[in-house]
Amino acid sequence: MDVAKKQSSSLSKLIAQLDEDRAFLLQQIDLGKWPELRHDLAALERELGQLLNRAADEIEQK
């Protein structure tokens, strides 16, 4: 496997792991965890989701 493909694979795995963390965060918010932080955590989850989508799109284009 050449270096570019290896890096792309590593980045894809990292994005997948971060997306799992984002999904966990959303699940916890939906369960009512951390009510005093709900607004901020929901905003963080949305921004993280957008960032991960853009990163995945960039990797696919290469």
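Please refer to the structure placed before this passage.
Described in the following lines is the structure provided in the data block. (Residues numbered from 1 in each chain as written. Predicted model: local features only at pLDDT ≥ 70, side-chain atom pairs only at ≥ 80, totals over all residues. Heavy atoms only, no water.)

## Quick look at the overall build of the protein
Let me state the cut-off plainly: The secondary structure listing takes helices from DSSP runs of H or I that are at least 4 residues long and strands from runs of E that are at least 2 residues long, numbered from the N terminus. For this measure, only C-alpha atoms enter the radius of gyration; the expected value for a globule follows 2.2 Å times N^0.38, where N is the number of residues. For the exposure calls, accessible area comes from a 1.4 Å probe over protein chains only, and a residue counts as buried if that area is under 20% of its type's maximum, exposed if over 50%, partly exposed in between. Here the open area of atoms and residues is found with the Shrake-Rupley method and a 1.4 Å probe, where only the protein chains shown may cover a residue.
Check the secondary structure of the protein and you find two helices and zero strands. The C-alpha radius of gyration computed for the protein amounts to 14 Å, which surpasses the reference 11 Å derived for 62 residues by more than 25%, pointing to a less compact arrangement than a globule. With respect to the three principal axes, the spread of C-alpha positions in the protein is 45 × 15 × 10 Å. Here the protein holds 62 residues, and the buried ones make up 18% of them. Carbon together with sulfur atoms contributes 54% to the accessible area of the protein, which is approximately 5100 Å² in total.

## What about helix α1 (residues 3-30)?
Keep this limit in mind: Here the expected length of a helix is defined as 1.5 Å per residue gap, with one fewer gap than residues. For this analysis, a polar contact is any N or O atom pair within 3.5 Å, provided that within protein one partner can donate a hydrogen and the other can accept it, and provided that sequence-adjacent residues contribute only side-chain to side-chain pairs.
Over its 28 residues, α1 runs 40 Å from end to end, which matches the ideal 40 Å to within 8%, given 1.5 Å per residue. Listed as buried for α1 are Ile15, Arg22, Leu25, Gln28 and Ile29. At the N-terminal boundary of α1, the capping side chain belongs to Asp2, with an oxygen 3.0 Å from the backbone nitrogen of Lys5. Gly32, located one to two residues past α1, shows a positive phi value of around 90°.

## Let's talk about the side chain of Arg22
Quick note on the threshold: Contacts were defined at the residue level, with two residues in contact if any of their heavy atoms lie within 4.5 Å.
With respect to the helices and strands, the residue Arg22 is situated in helix α1. Side chain to side chain, Arg22 and Asp19 meet in a polar contact 2.9 Å long. Beyond its immediate stretch of four places on either side in the chain, Arg22 contacts Glu45, Leu48 and Gly49.

## Quick word on a nonpolar patch on the surface
This is how the line gets drawn: Every patch collects residues that have over 30% relative accessible area and no salt bridge, joining them within 9 Å if they carry like charges and within 5 Å if they are nonpolar side chains (Val, Leu, Ile, Met, Phe, Trp, Tyr). Take a side-chain nitrogen of Lys or Arg and a carboxyl oxygen of Asp or Glu: if they are within 4 Å of each other, that pair is a salt bridge.
A cluster of nonpolar side chains, Leu11, Leu14 and Leu18, forms an exposed patch at the surface whose accessible area comes to about 230 Å². You can see Leu11 is positioned in helix α1. Using a relative accessible area of 42% as the deciding quantity, one classes Leu11 as partly exposed.

## Comments concerning helix α2 (residues 38-61)
Compared with the 34 Å implied by 1.5 Å per residue over 24 residues, the 35 Å span of α2 between its first and last C-alpha is a close match. Every buried residue of α2 is accounted for by Leu41, Ala42, Glu45, Gly49, Leu52 and Ile59.

## Describing unusual backbone geometry
A positive phi angle is found at Trp34, which is not glycine, with a value near 50°. Mapped onto the elements, Trp34 comes out in the loop between α1 and α2. Residue Trp34 is classed as partly exposed on the basis of its relative accessible area of 36%.

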